[in-house]
Amino acid sequence: MKKFSIAEMARRQVEKAAKMMNLSDHLLKIFMCPKRVLRVTFPVQMDDGTIQCFTGYRCQYNDARGPTKGGVRYHPDVTEDEVIALAAWMTWKCALVDLPYGGAKGGVICDPMRLSERELEKITRRYTTEIMPILGPQIDIPAPDVFTTSKTMAWMMDTFSMMTGHTEPAVVTGKPEVLGGSKGRKEATGRGVFINTRELYRKLGKSLKGTKVLVQGFGNVGSYAAYFLAKEGAKIIGVSDSSTGIIDENGLDVEDMMACIEKYKLLEAYEKGTKVPRDEILYKEADLLIPAALENQIHEDNADRIKVWAIVEGANGPTTPEADEILERKGVYIVPDILANSGGVIVSHFEWVQALSGLYWEEKEVNERLENKLVKTFNEVWEISKKMNVSLRIAAYMVALNRVAEVYKYRGIFP
Ligand code: GLU
């Protein structure tokens, strides 16, 4: 099988939109490459006394619009190629929702499920130290991503603060509230997925009540997306994580499942509903599918088996360009990742603003600002998609690329 490059997939999306908007060749050249990729390898003493070496990355894809922003993921499958793609998507995501940021992403190759808290802390602190030369509140601001949490961010913030000699809450976002984390940040990505879904349904004159939903991935994004949708009357009929799939035609109890995950980490411990192989839930008949796990989940070999009319991408890069074409032919609406999951980085921006100003907002204010930004962006993307007769993904890229292109128009090319 041909080796799949996620960075190549990210580049193809840009190329497609660039063609539709007659983007200049020189800008396309710039948009195809990351500005900076740092690879670090460092030793960590494990709980059993042995020394293990870990490899991590930080990619700053483009910083034309401001300091770079993006999460850090801990996963055994992290690669340089993946981190570059994710950093590119952060660039377009931040531009699309008009945040004063460029895009970045980091990752460490490790399996958090097999590491103790002490080991995770050591890995985090050492990784932070290694990428320190390119971190800072005005340079690059990490946040949580796959298998990293507010605790990881607290260790990063503390390490950065210790190394610089002063407390610096604005160097990461997604922190615990006592360290200057924003109210509403934890739920923000899932809330954003919900808002985007609601707007799509509104445009199509459909109701969320009783709509049948499948959720792939039950981490921070999938669980909160399911929670907010269920609160509006949607029926969550299938959910999966890395351990299993669970289905119930009458609707699963999302809060109950979240409580189970809190305690046991994996859905295999959940006793209600019917267990099915984890990928089965992708192919069930329903209205809406929310992929909220990893990249490359819906591809040319399985896109034909998907039986929903809408997909709202909670994960980054869950649908390949080939699958996009197959689903487009079938008339499936896809709210693209850079719009659907942008709620997280939007509230990260609010958190950074609060940390820099030292003035903290009530949750109501955070949620209202998030709501306004997402509804405005959704409408903008919807209008362009109608006007130009392109998919929501291409429309979203057109808005994003145009925003970055405008900056180059005024800043020019140095020197
Ligand atoms: N990791 C999240 C994302 O992919 C959040 C990034 C951030 O808040 O900086 O959008």
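Check the entry above for the structure.
Overview of the structure. Note that this is a predicted model, so its numbers are computed, not measured.

What to know about the site of the ligand
Next, step 1: As a matter of local geometry, the ligand sits amid 14 residues, with Lys69, Lys93, Lys105, Asp145 and Ser348 nearest to it.
Next, step 2: The contact in question runs from an oxygen atom of the ligand to an N or O atom on the side chain of Lys105, over 2.9 Å.
Next, step 3: Asn316 is positioned with one of its side-chain polar atoms (N or O) 3.1 Å from an oxygen atom of the ligand.
Next, step 4: Expressed as a share of its isolated accessible area of 290 Å², the protein-covered part of the ligand is 94%.
Next, step 5: Looking at the shell around the ligand, the elements with two or more residues in it are strand 3 (68-75), helix 3 (80-96), strand 5 (140-144) and helix 11 (343-357).
Next, step 6: For the shell around the ligand, a count of residues per class yields 4 nonpolar, 5 polar and 5 charged.

Comments concerning the pattern of salt bridges
Two side chains bearing opposite charge may form a pair once their charged atoms approach each other closely.
Next, step 1: This structure, assessed with the given rule, holds 33 salt bridges.
Next, step 2: Of the charged contacts in the structure, one is a salt bridge between Glu322 and Arg12, with a shortest N-O distance of 3.0 Å. Here Glu322, found in helix 9 (residues 321-329), pairs with Arg12, found in helix 1 (residues 6-20); they are 310 residues apart in sequence, far enough to count as distant.
Next, step 3: Connected through shared salt-bridge partners, Arg73, Glu82, Lys105, Asp145 and Glu295 make up one network.

Looking at the sheet that holds strand 12 (residues 333-335)
Next, step 1: Strand order across the open sheet formed by 7 strands is 9-8-7-6-10-11-12, with mixed pairing between neighbours. Both outer strands of the open sheet, strand 9 (274-276) and strand 12, are each paired with one neighbouring strand and no more. Neighbour-to-neighbour, the strand axes of this sheet turn through a mean angle of 20°, independent of strand direction.
Next, step 2: Across 2 bridges, the pairing between strand 10 (residues 288-291) and strand 11 (residues 310-312) is parallel.

Focus: the sheet that holds strand 2 (residues 51-62)
Next, step 1: Spatially, the 5 strands line up as an open sheet ordered 1-2-4-3-5, and their pairing is mixed. For this open sheet the edge positions go to strand 1 (36-45) and strand 5, each flanked by a neighbour on one side alone. Across the sheet, the mean angle from the axis of one strand to that of its neighbour is 25°, orientation sign disregarded.
Next, step 2: Bridging between strand 1 and strand 2 involves 10 bridges; their strand directions are antiparallel.

Regarding the environment of Lys330
Next, step 1: Here Lys330 lies in the loop between helix 9 and strand 12.
Next, step 2: Not counting the four nearest positions on each side in its chain, Lys330 is found in contact with Ala303, Asp304 and Ile306.
Next, step 3: A polar side-chain atom of Lys330 sits 3.1 Å from the main-chain carbonyl oxygen of Asp304.

A look at the state of the cysteines
Next, step 1: Summed over all chains, the structure comprises 0 disulfides.
Next, step 2: The thiol of Cys94 is unpaired, and the distance to the nearest cysteine sulfur, on Cys59, comes to 13 Å.
Next, step 3: Residue classification places Cys94 among the buried positions, given a relative accessible area of 0%.

Brief notes about the nonpolar core
Next, step 1: Core analysis: the largest hydrophobic core is formed by 100 residues, its most contacted members being Phe31, Trp89, Trp92, Phe218 and Leu229.
Next, step 2: At 13 residues, the largest contribution of residues to this core is made by helix 13 (residues 392-411).
Next, step 3: Of all hydrophobic cores here, the second largest spans 23 residues; its members include Cys110, Ile131, Leu135 and Met153.

Side note on helix 8 (residues 254-264)
In an α-helix, one turn spans 3.6 residues; hence positions three or four apart end up facing the same way.
Next, step 1: When helix 8 is considered as a whole, its buried residues turn out to be Val254, Met257, Met258, Cys260 and Ile261. One side of helix 8 holds all its buried residues, which, seen down the axis, span an arc of 160°. Opposite the buried face of helix 8, by more than 90 degrees, sit the exposed residues Glu255, Glu262 and Lys263.
Next, step 2: You can read the cap of helix 8 off the contacts: a side-chain oxygen lies 3.3 Å from the backbone nitrogen of Glu255, and it is on Asp253.
Next, step 3: Just downstream of helix 8, Lys265 is the residue with a positive phi angle, here 75°.

Notes on unusual backbone geometry
Next, step 1: Backbone torsion omega between Phe414 and Pro415 reads 5°, so that peptide bond is classified as cis.
Next, step 2: Structurally, Pro415 can be placed in the segment after helix 13.
Next, step 3: Even without being glycine, Asn22 reaches a positive phi, approximately 50°.
Next, step 4: Relative to the helices and strands, Asn22 resides in the loop between helix 1 and helix 2 (25-31).

Let's talk about the packing of aromatic side chains
Next, step 1: According to the stated counting rule, one finds 13 aromatic pairs in the structure shown.
Next, step 2: On the numbers, 5.1 Å between centres and 45° between planes, the contact of Tyr201 with Trp309 is tilted. Pair noted here: Tyr201 is in helix 6 (residues 185-203) and Trp309 is in the loop between strand 10 and strand 11, with a separation of 108 residues, a long-range link.
Next, step 3: Of the residues examined, Tyr201 reaches a relative accessible area of 1% and is grouped as buried.

Conventions adopted
- Within every chain, residues take consecutive numbers counted from 1 along the sequence as written.
- Local features in this predicted model are restricted to residues of pLDDT 70 or higher, and side-chain atom pairs are both shown and tallied only at a pLDDT of 80 or more, whereas totals for entire chains, interfaces and linings draw on every residue.
- To get the side-chain values, all heavy atoms of the structure are used, and hydrogens and water are removed first.
- Being near a molecule or strand, for a residue, means having at least one of its heavy atoms within 4 Å of it.
- We define a polar contact as two N or O atoms separated by no more than 3.5 Å, with the added condition that, inside protein, one atom must be a possible hydrogen donor and the other a possible acceptor, whereas residues neighbouring each other in sequence contribute only through side-chain atom pairs.
- In this description, accessible areas are obtained by the Shrake-Rupley approach with a 1.4 Å probe, and a residue is regarded as covered only by the protein chains that are shown.
- Helical segments are the DSSP runs of H or I of at least four residues, strand segments are the runs of E of at least two, and each set is numbered from the N terminus.
- Three categories are distinguished: nonpolar for Ala, Val, Leu, Ile, Met, Phe, Trp, Tyr, Cys and Pro, charged for Asp, Glu, Lys and Arg, and polar for the others, with Gly belonging to the last.
- A pair is scored as a salt bridge if a Lys or Arg side-chain nitrogen falls within 4 Å of a carboxyl oxygen belonging to Asp or Glu.
- Two strands pair under a simple rule: DSSP has to find at least two bridges between them.
- To get an axis, a line is fitted to the C-alpha atoms, and for a helix only the part in contact is used. The angle between two axes follows their N-to-C directions and goes from 0 to 180 degrees.
- Only heavy atoms matter for contacts: two residues are in contact if any of them lie within 4.5 Å across the pair.
- Cysteine sulfur atoms are paired as a disulfide whenever they fall within 2.5 Å.
- Between buried and exposed lies partly exposed: a residue is buried under 20% and exposed over 50% of the maximum accessible area for its type, with that area taken using a 1.4 Å probe on protein chains only.
- As used in this record, nonpolar core signifies buried Ala, Val, Leu, Ile, Met, Phe, Trp, Tyr and Cys residues forming a set joined through side-chain atoms within 4.5 Å.
- What the arc describes is the spread of directions from the helix axis to the C-beta atoms.
- Pairing of aromatic rings covers Phe, Tyr and the six-membered ring of Trp, with a centre-to-centre limit of 6.5 Å; geometry is then stacked below 30 degrees between planes, edge-to-face above 60, and tilted otherwise.

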